[in-house]
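Residue-level structural notes
What follows is each chain in one-letter form.
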Amino acid sequence: MTKLDYVYASATELLTYFRSDPDKILDYLEAIYDRIRKVEAKVRSYITLRSREEVEREAENVVKRLKQGEDLALAGIAVAVKDNISTRGIRTTCASRMLENYVPPYDATAVKLLKESGAVIIGKTNMDEFAMGSTTETSAFFPTRNPWDLERVPGGSSGGSAAALAAGEASLALGSDTGGSVRCPAAFTATVGLKPTYGLVSRFGLIAYASSLDQIGPMARTIADVALLLSVIAVHDPKDSTSIPRNGKTDYYFKLEELMSSRPRLRIAVVKELWRGLEEDVERVLHRILDRICGEHTCDEVSIPITRYALPAYYIIAMAEASSNLARYDGLRYGLHVDVEGRSWIEVFTEVRSRGFGFEVKKRIALGAFILSAGYQEQYYIRALRVRRLLKNEFDRVFKRFDLVALPSMPIKPPRLGEAITDPIKLYTMDIDTVIANLIGSPAISVPAGLAATLPVGIQFMGPPLSEEKLLYAGALVEELRRGAALKPPI
Amino acid sequence: MGDVRIGLEIHVQITALKTKLFCPCPADYRGKEPNSHVCPVCLGLPGVLPVINRDAVKYAAMVAIALNCKISDRLVFVRKHYFYPDMPKNYQISQYDGVGSTPFCREGFLKLTINGHEKIVRIRRINIEEDPGRITYPTGDIATSPYSLIDYNRAGIALLEIVTEPDIESPQEARAFLTKLINILEHLGVTDTSLEGSFRVDANISLGGGSRVEIKNIGSIKDVERALAYEILRQRTIIERGGIVRRETRHWDPVRKVTITLRAKEVEEDYRYFPDPDLPPVRITSEFIVSVRRSMPELPDMRIERFMKQYGLDRYHSTVLVSQKWLADFFEEAAKHYTRYKKLADILITDFLRWVNEYGIKPHELRARPIHIARLLELLDKGLISIKIAKEIMPEIVRSGSDPEKLIRTRGLLRITNRDELQQIVREVMRSNPKAVEDALRNPRAINYIVGLVMKRTRGRADPKLTIELIKNELQRYKAS
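Given the structure is predicted, the values throughout are model-derived calculations rather than measurements.

Attention shifts here to the overall build of chain A. Along chain A, the regular secondary structure elements total 17 helices and 11 strands. A compact globule built from 491 residues would reach a C-alpha radius of gyration of about 23 Å, and chain A, at 21 Å, matches this within 12%. Expressed as a percentage of the 491 residues in chain A, the buried residues total 65%. For chain A, the exposed surface amounts to about 17,300 Å²; the carbon and sulfur share of it is 52%. Taken as two groups, the 63 positive and 61 negative side-chain charges of chain A have centres that lie 2 Å from each other.

Moving on, we get to the domain arrangement of chain B. Residues and elements named next belong to chain B. Partitioning chain B into structural domains gives domain 1 (4–291), domain 2 (298–411) and domain 3 (419–480). On a C-alpha basis, the centroid separation for the pair domain 1 and domain 2 is 35 Å. Taken residue by residue, the interface counts eight residues in domain 1 and 10 residues in domain 2. Buried surface at the junction of domain 1 and domain 2, summed over both partners, amounts to about 800 Å²; 60% is from carbon and sulfur atoms. Considering only the side of domain 1, the residues that lose the most area to domain 2 are Asn183, His187 and Ser194, jointly responsible for 62% of the buried surface there. For the interface between domain 1 and domain 2, the tally reads one salt bridge. Joining domain 1 to domain 2, the criterion identifies five residue pairs in polar contact (both at pLDDT 80 or more).

Taken as a whole, this structure holds one disulfide over all chains when the rule is applied. Sulfur-sulfur distance for the disulfide between A:Cys294 and A:Cys299 comes to 2.1 Å. Linking A:Cys294 and A:Cys299, the disulfide has an S-S dihedral of approximately -90° and is accordingly described as left-handed. Not part of a disulfide, A:Cys184 finds its nearest cysteine sulfur in A:Cys94, a span of 18 Å. Its relative accessible area of 0% is what places A:Cys184 among the buried residues. Free of any disulfide, B:Cys23 has its nearest cysteine sulfur in B:Cys39, 3.8 Å distant. Given the relative accessible area of 8%, B:Cys23 is considered buried.

Residues and elements named next belong to chain B. With five of six residues buried, strand E13 (residues 248–253) is to be regarded as a mostly interior element. The pairing of strand E12 (residues 213–218) with E13 spans four bridges and is parallel. Residue pairing for E13: glutamate 214 is matched across the bridge by threonine 249. On the question of chirality, the crossover connecting E12 to the parallel E13 by way of helix H3 (residues 221–240) is left-handed.

Quick look at the environment of B:Glu186 now. Residue and element names in this part refer to chain B. Along the chain, the position of glutamate 186 falls in helix H2 (residues 171–188). Between the alpha carbons of glutamate 186 and lysine 216 there is a distance of 23 Å; along the sequence they are 30 residues apart. The residues contacting glutamate 186, other than those within four sequence positions of it, are Thr191, Asp192, Thr193, Ser194 and Lys325.

Turning to the sheet that holds strand E8 (residues 298–302) of chain A, a few remarks are in order. The strands that make up a sheet are held in pairs by hydrogen bonds between backbone atoms, and each pair lies either parallel or antiparallel. Residue and element names in this part refer to chain A. Here 11 strands make up an open sheet; going across it, the order is E1-E3-E2-E4-E6-E5-E10-E11-E9-E7-E8 and the pairing mixed. Each end of this open sheet is capped by a strand with a single partner; those strands are strand E1 (46–49) and E8. Shown here is a sheet whose adjacent strand axes are inclined to one another by a mean of 30°, direction ignored. Direction of pairing for strand E9 (residues 404–408) relative to strand E11 (residues 455–462): antiparallel, over a ladder of four bridges.

About the cut-offs
Residues numbered from 1 in each chain as written. Chains lettered and ligands numbered in written order. Predicted model: local features only at pLDDT ≥ 70, side-chain atom pairs only at ≥ 80, totals over all residues. Heavy atoms only, no water. Helix = DSSP H or I, 4+ residues; strand = E, 2+ residues; numbered from the N terminus. Rg over C-alpha atoms; globule rule 2.2 N^0.38 Å. Buried < 20%, exposed > 50% of the residue type's maximum accessible area, 1.4 Å probe, protein only. Areas by Shrake-Rupley, 256 points an atom, 1.4 Å probe, with all protein chains shown as cover. Lys, Arg positive; Asp, Glu negative; His and termini not counted. Charge placed at Lys NZ, Arg CZ, Asp CG, Glu CD. Domains from an automatic or database assignment. Contact = heavy atoms within 4.5 Å. Buried area = accessible area lost by both parts, 1.4 Å probe. Salt bridge = Lys/Arg side-chain N within 4 Å of Asp/Glu carboxyl O. Polar contact = N/O pair within 3.5 Å; in protein donor to acceptor, adjacent residues only side chain to side chain. Disulfide = S-S within 2.5 Å. Pairing = 2+ DSSP bridges. Right-handed = clockwise from strand over helix to strand, strands pointing away. Axes fitted to C-alpha atoms, helices over the stretch in contact; angles between N-to-C directions.

Here it is in structure tokens:
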């Protein structure tokens, strides 16, 4: 393989290669670092990039383990981890001034599993501050740019992870998805992003935005790679009370191969309300793919009128939980430190929170506190929960007749920098097709559907809880229609 | 006092637990180096999640059953929000009666007997919640300290919050209620209230349907009684002078023995309760409750009945013994060595208890062993010591835990039963008190005075029967001469 091959090769290919020659891991990592040196200044995927020496030392140990005959599912693979997932000894900022110098003393369960499987964490990726945003522009440090068009955003909030994959700065990535934060950037960068069933991947160590909606999600350039990564991180965790109890691991890669050879016919629902308001060229790309899928599988249009309340319900619940989850940041035990001499704790807390949080975060905390306050809770929060329950019921009904729902990932192409962030309605409306999966706890995947002119468009599939295999299968079908080629950005 | 309404809110730590409520940190934080019993979870570091300690639920269920409460079919935790430096997350994981949430249990009651009357205090609810950390002020006072120190060792310790209806009508009733409650908690093994800070009370009090005043954070039963008595007096004085009692939160100063204003309470604080999404509701099954009920230790009321049956004690003795778990335990242990139970119960609830209280000895500091009391009674039964001596050495036994037999021997307190020895003493006493002898010769009843003199001389060690016999013999001799 040439160095360029290393950079854009799939993890699946790399692993086969490393198994026959473990020493190649070090060449591969060198290639990744060379690539980073070349493109990072333009893309800016990483908030914290680990030193090459440190990563090499770690990789040497992986090589040793491989040579000793250990079976490592992700031996030597460079993984980019979103900066809201705790990494022991590596700064974890949530792209916020509040945690600019915070170094966690423990690993998130997902990170622990990655390390155990021989993966190498290469850096911590940029994101919207505390995952609040859909463009990676609310990062307190800098925006990340879309490798497909450096004038445009990579989506968010896991924009850094998606951009790193698209730009060849990592082979696999972890993101987190509260209302589309894995699927949105995947769609905008022509990568694959999966939001697992709520409770499939442990949230322990994921810095909470909205606990009842958050899930860590695997991201990669191919469906098979997402299956590979999911197999490693989808393990029951007693440290997370919302983790679904189950025995052992599931080999999603193997299950995907099985489905791809048996090729069962899928019953796909097209919820008409969710196909409205698309940009014309986005709609064209999506329909082209959907038509071809529906040629081989059974598609039917259904109507779920209540989906129109999904977006407000989502934002109410997310903000309410955020206002509570982010209360702990007061600068006392960790995080932004201000002068405390001669001042009361209230003064100190106020200054820490005024200076530590950015505008979008403050806005959501303030709205969330309002939503939960006595007298308004019934009107907003309780009603939002009701919508959530009704949505769940409606989709449960749909999933009795259908395997999956097909819907757009994003109704628009990636916006230019500054375009969406100045228009909150536009910003929030971007999430219209992604928030449902989080509200009902369902898994959903975004797969590259093609290009609208020069910009990526993603198609989304959503299924009932624990239907990840079918989602991967549907994704693989789309991938096949694009003749399996990973879309490579011009950068 | 018919117009006084008191409601209590009691916080007790579940000291029986080995670990904290939501993390595996050890729960025995007392006397440990500050911030040494902490982990990312109880420090509320970013990204951590709570996991419920199942044993806490078991103990809570025991208390709920003992207080006749209806246990909810779901275990739901909520977040109670307020900013304070001792709370790592700036919210407390607690329970609440609201939309989508429920207290652990509700609608219970506790039956009391006060001066022979039966009284029922209703329990509104019991919640399971986490304790915050501890703030210490270097000068001991918030106002004068230039800085404060926070110890999070206590953060996350399991608490039970027991809330009564305002059924209590006097400070004495409050004391009776709390005494019985603590006794139940100790019998269940849930809480060791001798541990500092394991038991705190907030008291709500209103007079004549007026404003409710809350007194926060009272540390002992005695202080609850005092604070309430003070508060009744204060409020009554205001009303008598035509004033209006303000709705407020007050603080009990145990040193100056007064309540002082903490903050006026115009509106309910808004804690923005909502169900904790990190702790999905858990079903509480009837099988679970049945198994807890089966594993429950004996409760005080049952123990009183058993004492009456097993030891043949009357209700009064049984009740006094069982009113404090340690005393009842002490009795039962001593009863293994001494079987005249009534006598044993008697000495325990009179002399023994008197000195324990006099010295202010806490049950866990008590050095006297049950077998010591049993031995003391045996000595008494065998006539080796007098009751006077027994009473005399009781304080020593209570204070130092000395073996009564050794104590008596080393101090020479054995009864003087040797005829010659006693005769010698009697003679000396009579010789040096001719007036008393004269009286006795005239009036046989005056012998008692001489007996007294002999007892005084022997510090009560003289065998009384023998003494009288010898005095009478001597008097015969006087008459003869």
